[in-house]
Amino acid sequence: MTKIISIPNVITFIRIIIIPLFVTALVYERYGTALTLFCLAALSDMLDGFLARKTGQNTELGAFLDPLADKALLVTSFILFAVYGWTPSWLTITVISRDLIVTLGWIVLYLIDHRTKVEPTLTGKTAIACQLILIAYTLVSITMNAVPPPQGWMFGLTALLTILSALQYINRALRQTDGK
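Below: a short report on this structure. (Residues numbered from 1 in each chain as written. Predicted model: local features only at pLDDT ≥ 70, side-chain atom pairs only at ≥ 80, totals over all residues. Heavy atoms only, no water.)

### Some details on the nonpolar core
For clarity, the cut-off: Remark: nonpolar core denotes a set of buried residues (Ala, Val, Leu, Ile, Met, Phe, Trp, Tyr, Cys) joined through side-chain atoms within 4.5 Å. Note on classification: 1.4 Å probe, protein chains only; a residue is buried when its accessible area is under 20% of the maximum for its type, exposed when over 50%, partly exposed between these limits. The numbering of helices and of strands both runs from the N terminus, where a helix is a DSSP run of H or I of at least 4 residues and a strand a run of E of at least 2. Two residues form a contact once any of their heavy atoms are found within 4.5 Å.
Phe-22, Leu-26, Phe-38, Phe-81 and Leu-139 are the most contacted members of the largest nonpolar core, which totals 28 residues. Within the residue set of this core, elements represented by two or more residues are helix H1 (7–27), helix H2 (31–55), helix H3 (60–84), helix H4 (89–113), helix H5 (122–143) and helix H6 (152–177). Leu-26 has contacts with Tyr-31, Ala-34, Leu-80, Phe-81, Tyr-84, Trp-86 and Leu-139, leaving out every residue within four places of it along the chain.

Encoded structure:
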């Protein structure tokens with residue numbers, strides 16, 4: 001039986017619990033609290049993966065929940081930020097589209113050859129990191145008046161990396177299914 005309760009999985013569960021608290025903080029204009037919760041969630045993402053690798057506590061549940069928690073945090077953030085006018089709607093559409101492409105691609109790979117895991121790419125990890133940094137920076141600029149709001153190039157860079165990672169996942173999936 002695969003172990004379900006492990007320190008990395010508990011950290012992932014905590015990250016999932018943070019998401020509605022983060023949303024509540026944003027809705028009630030507690031931006032400092034939202035920033036703290038977001039940073040805790042982002043740091044917990046790094047911590048759970050590090051601990052899973054270093055302690056050998058990788059589980060199928062963790063491999064499923066970790067990216068799901070990341071997508072939930074990012075998509076929720078981008079939707080709220082677009083609604084509040086803090087980030088452009090086109091960027092939110094780009095981020096959500098990339099996640100849909102990756103998720104649908106995973107489903108197709110599973111149906112074709114029963115692959116249950118899609119390995120992350122460096123471009124994908126960089127895109128996620130850029131998205132996290134953009135959200136954190138936006139929250140910092142809202143919380144601290146001395147910090148200017150995000151600039152257009154920040155949105156453009158985030159979108160470019162997000163699109164490149166989607167194209168890379170598509171290319172990889174096409175190569176894996178070639179001849180099937």
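Additional details are given in the paragraphs that follow.
### Here we look at the packing of aromatic side chains
The criterion, for reference: Here the aromatic set is Phe, Tyr and Trp, taking the six-membered ring for Trp, and pairing holds for ring centres within 6.5 Å; pairs whose planes are under 30 degrees apart are stacked, those over 60 apart are edge-to-face, and all others are tilted.
Applying the stated criterion across every chain, the model contains four aromatic pairs. With a centroid separation of 5.7 Å and an interplanar angle of 40 degrees, the aromatic rings of Phe-22 and Phe-38 are classed as tilted. On the criterion of sequence distance, the pair formed by Phe-22 in helix H1 and Phe-38 in helix H2 is long-range, its members being 16 residues apart. There is no split in this pair, since Phe-22 and Phe-38 are both buried.

### A few points about unusual backbone geometry
Even without a glycine there, the phi angle at Glu-29 is positive, about 55 degrees. By the secondary structure assignment, Glu-29 is in the loop between H1 and H2. The class of Glu-29 is exposed, set by a relative accessible area of 56%.

### A short note on a nonpolar patch on the surface
The condition is simple: Only residues above 30% relative accessible area that lack a salt bridge enter a patch, with like-charged residues linked at up to 9 Å and the nonpolar side chains Val, Leu, Ile, Met, Phe, Trp and Tyr linked at up to 5 Å. Method for areas: the Shrake-Rupley scheme with a 1.4 Å probe, in which residue coverage is limited to the protein chains shown. Any carboxyl oxygen of Asp or Glu that lies within 4 Å of a side-chain nitrogen of Lys or Arg is treated as forming a salt bridge with it.
On the surface, Ile-101, Trp-153, Leu-157, Leu-160, Ile-163, Leu-164, Leu-167, Ile-170 and Leu-174 cluster together to form a nonpolar patch covering roughly 840 Å² of accessible area. Considering each element in turn, the nonpolar patch owes the most residues, eight residues, to H6. For Leu-164, a relative accessible area of 40% gives the class partly exposed.

### Remarks on H4
Formally: Multiplying 1.5 Å by the residue count of a helix minus one yields the expected span of that helix.
Over its 25 residues, H4 extends 36 Å from the first C-alpha to the last, a length consistent with the 36 Å expected when each residue adds 1.5 Å. Burial in H4 covers these residues: Leu-91, Thr-92, Thr-94, Val-95, Arg-98, Asp-99, Val-102, Leu-109 and Asp-113. Directly after H4, the chain includes His-114, whose backbone phi takes a positive value near 60 degrees.

### Observations regarding the packing of H3 against H4
The cut-off we apply is this: Angles shown run from 0 to 180 degrees and are taken between the N-to-C directions of axes, each axis being a line fitted to C-alpha atoms and, for helices, limited to the stretch in contact. Oblique is the label for every angle not falling under 35 degrees (roughly parallel), over 145 degrees (roughly antiparallel), or within 65 to 115 degrees (roughly perpendicular). Take the far helix as the reference: if the near one is turned anticlockwise from it by less than a right angle, the crossing is left-handed, and if turned clockwise, right-handed. Any residue that is not Ala, Val, Leu, Ile, Met, Phe, Trp, Tyr, Cys, Pro, Asp, Glu, Lys or Arg is counted as polar, Gly included; the first ten are nonpolar and the last four charged.
Interhelical geometry of H3 versus H4 gives an angle of 155 degrees and a closest axis separation of 8 Å. One element, H3, and the other, H4, form an angle in the roughly antiparallel class. Handedness of the crossing formed by H3 with H4: left-handed. Residue-level contacts link Lys-71, Val-75, Phe-78, Ile-79 and Ala-82 of H3 to Ser-89, Leu-91, Thr-92, Val-95, Ile-96, Arg-98, Asp-99 and Thr-103 of H4. Considered class by class, the residues forming the contact of H3 with H4 number seven nonpolar, three polar and three charged.

### Some points on the packing of H3 against H5
The geometry of H3 relative to H5 is characterised by a closest axis approach of 11 Å and an angle of 45 degrees between their N-to-C directions. As summarised for this structure, H3 and H5 are arranged oblique, according to the angle between their axes. At the point where H3 passes H5, the crossing takes the left-handed sense. For the pair H3 and H5, contact is made by Leu-74, Ser-77, Phe-78 and Phe-81 and by Ile-128, Gln-131, Leu-132, Leu-134, Ile-135, Thr-138 and Leu-139, respectively. Of the residues assigned to the contact of H3 with H5, the class counts are eight nonpolar, three polar and no charged.

Nothing here speaks to function; it is all geometry.
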